[in-house]
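Observations on the model geometry
Here is what each chain is made of, one letter per residue.
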Amino acid sequence: MDFSKLEAVSVRIDQGIAWVTMNRPEKRNAMSPQMHREMIDILYYLATAPEAKLLVLTGAGNSFCAGQDIKQFFRELDDKPAEKYNMLLASHEWRWNQLTRFPKPTIAMVNGYCFGAAFTPLVACDFAIAADDAQFGLSEINWGILPAGLVSKVMLDSVSYRNARFYALTGRPFDGRKAAEMGLVDFSVPIGSLVEETTKLAQELLAKNPQTYRSIKEALHHLRGMSPEQANDYLKAKESEMRFLDRENGRAQGMKQFLDDKTYRPGLGHYKRETE
Ligand code: COA
């Protein structure tokens, strides 16, 4: 894929990490129709590109993403039902379908403003790290719309009911520290160490057995809606699938290195992989 042709997004791949940057800093990286279309192509490409082993989603300038572009996504599509229909599908496709099913680790690196519709890709990523002073907000109540496009649902799934109601019904902004305290992001750090801490987490994830990682991620995604009986059966089947797909046979390696070679402790770290 020729990344140089992209306009609303930029992509850089460095040592296995694909840095995908929403790139409309003059509009605080608000999501335009063009950004949605570019993201779909990028994520399809990166999902199978061997040079990309992990994805970091972030924003250019002082913003992660100021939500949907209120002019281009709302006002200009209000009287164009066909285009609006297509754009609602496109917006949902990458922010939720592609990101939650992305077959490699994903990290949202929230470098600044994160409003409204940006919550969906934020929660869809496996991990989220924010700058302490990044500003988050469910601003929909401030301009007469619902936190739709899964925004209300991902908020409810991530934080307590009371916190979800408080921020959706007041529209009050909150910072990265508060987002971490509520569990909306994993942790927050000073902006100066955001890239370093994200890279550190990325390297930790890159050292894992990729098939085991992918299978656990898929299982966690689907298990939430299942009954205990369904979950039990699904996990048995998933385990068999994983062992069939795992080219490095991590289960046998892990047992051998712990029980026979006594070279590591599974409780404290992962087994020695041949790629290391
Ligand atoms: N949609 C469209 N344009 C947006 C936008 C959005 N979501 N967010 C910012 N912009 C545009 C502004 O209109 C402005 O454009 P202009 O330079 O042509 O006038 C430009 O980006 C800079 O925005 P500005 O408000 O001047 O920047 P700021 O740094 O003072 O404030 C925000 C940043 C993010 C706090 C503010 O822009 C904002 O509240 N944006 C809307 C956030 C929101 O409610 N999103 C939910 C949408 S679902």
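Residues numbered from 1 in each chain as written. Predicted model: local features only at pLDDT ≥ 70, side-chain atom pairs only at ≥ 80, totals over all residues. Heavy atoms only, no water.

1. Overview of the sheet that holds strand 8 (residues 135–137)
To be explicit about the condition: Strand pairing requires that DSSP identify at least two bridges connecting the strands. Numbering of helices and strands starts at the N terminus; helices are DSSP runs of H or I of at least 4 residues and strands are runs of E of at least 2.
Taking strand neighbours across the sheet as the criterion, the four strands line up as 4-6-8-9 in an open arrangement whose pairing is mixed. At either end of the open sheet lies a strand with only one pairing partner, and these are strand 4 (63–65) and strand 9 (174–175). Of the pairings in the sheet, the one linking strand 6 (residues 113–115) to strand 8 comprises two bridges and is parallel in character. Looking at strand 8, one finds that Phe115 is bridged to Gly137.

2. Re the site of the ligand
Using the following cut-off: A cutoff of 4 Å decides nearness: a residue is near a molecule or strand if any of its heavy atoms lies inside that distance of it. Within 3.5 Å is the distance limit for a polar contact, defined as a pair of N or O atoms, with the added protein rule that one can donate a hydrogen and the other accept it, and that residues adjacent in sequence qualify only through two side-chain atoms. The Shrake-Rupley method, run with a 1.4 Å probe, gives the accessible areas here. Residue values count only the displayed protein chains as cover. Charged means Asp, Glu, Lys or Arg here, nonpolar means Ala, Val, Leu, Ile, Met, Phe, Trp, Tyr, Cys or Pro, and polar covers whatever is left, Gly included.
Lining the immediate environment of the ligand, one finds 14 residues, of which Lys27, Arg28, Ala66, Ile70 and Ser139 sit closest. Note that a nitrogen atom of the ligand is positioned 2.8 Å from one of the backbone N or O atoms of Ala66. Gln68 places a main-chain nitrogen or oxygen 3.0 Å from a nitrogen atom of the ligand. Protein contacts shield 60% of the accessible area of the ligand, which totals 860 Å² for the unbound molecule. Residue composition of the shell around the ligand, grouped by class: seven nonpolar, three polar and four charged.

3. So, the side chain of Thr199
If you trace the backbone, Thr199 turns up in helix 8 (residues 194–206). A polar contact of 2.7 Å, which involves the side chain of Thr199, links it to the backbone oxygen of Val195.

4. Details of the nonpolar core
Here is the rule: For this analysis, a nonpolar core means a set of buried residues of the types Ala, Val, Leu, Ile, Met, Phe, Trp, Tyr and Cys, connected via side-chain atoms within 4.5 Å. With a 1.4 Å probe rolled over the protein chains alone, any residue whose accessible area is under 20% of its type maximum counts as buried; one over 50% counts as exposed, and the rest are partly exposed.
Grouped together as the largest cluster of nonpolar side chains are 68 residues, with contacts concentrated most on Leu57, Phe119 and Phe136. In terms of residue count, the dominant contributor to this core is helix 1 (residues 33–48) (seven residues).

5. Thoughts on the sheet that holds strand 10 (residues 187–189)
Here is the rule: Here an angle of 0 to 180 degrees is reported between the N-to-C directions of two axes, which are lines fitted to C-alpha atoms, with helices fitted over the stretch in contact.
On the basis of which strands lie adjacent, the open sheet formed by six strands has the order 1-2-3-5-7-10 and mixed pairing. If you trace the sheet from one side to the other, it starts and ends with strand 1 (9–14) and strand 10, each paired once. Within this sheet the neighbouring strands show an average axis-to-axis angle of 20 degrees, counted without direction.

6. Remarks on the pattern of salt bridges
Our working rule: Here, a salt bridge means any side-chain nitrogen of Lys or Arg that lies within 4 Å of a carboxyl oxygen of Asp or Glu.
This structure, assessed with the given rule, holds 17 salt bridges. When the shortest N-O distance is used, the salt bridge between Lys5 and Asp2 registers 3.0 Å. For Asp2, a relative accessible area of 39% translates into the label partly exposed. Measuring nitrogen to oxygen at the nearest pair gives 3.6 Å for the salt bridge that ties Asp14 to Arg12. A relative accessible area of 47% places Arg12 in the partly exposed class. Through salt bridges with shared partners, a single ionic network connects Arg214, Glu218, Lys238 and Glu241.

7. Here's the deal with the domain arrangement of the protein
Defined as follows: Bear in mind that the domain bounds are from an automatic or database domain assignment. Here a residue-residue contact requires only that any non-hydrogen atoms of the pair lie within 4.5 Å. Put simply, buried area is how much 1.4 Å-probe accessible surface two parts lose in total, over both of them, once they are put together.
Its domain assignment divides the protein into domain 1 (3–206) and domain 2 (210–260). For domain 1 versus domain 2, the distance between C-alpha centres works out to 28 Å. Residue-level contacts link 12 residues of domain 1 with five residues of domain 2. Taken as a group, Thr100, Pro103 and Asp157 account for 51% of the area that domain 1 buries against domain 2, more than any other trio of residues on that side. Summed over the shared surface of domain 1 and domain 2, the result is two salt bridges. Between Arg224 and Asp157 there is a salt bridge, with the nearest N and O atoms lying 3.9 Å from each other. Applying the counting rule to domain 1 against domain 2 returns five residue pairs in polar contact (both at pLDDT 80 or more). Sort the elements by how many residues they give to the side of domain 1 that touches domain 2 and helix 3 (residues 81–100) lands first, with three residues. Looking at the side of domain 1 that touches domain 2 residue by residue, the classes come out as seven nonpolar, two polar and three charged.

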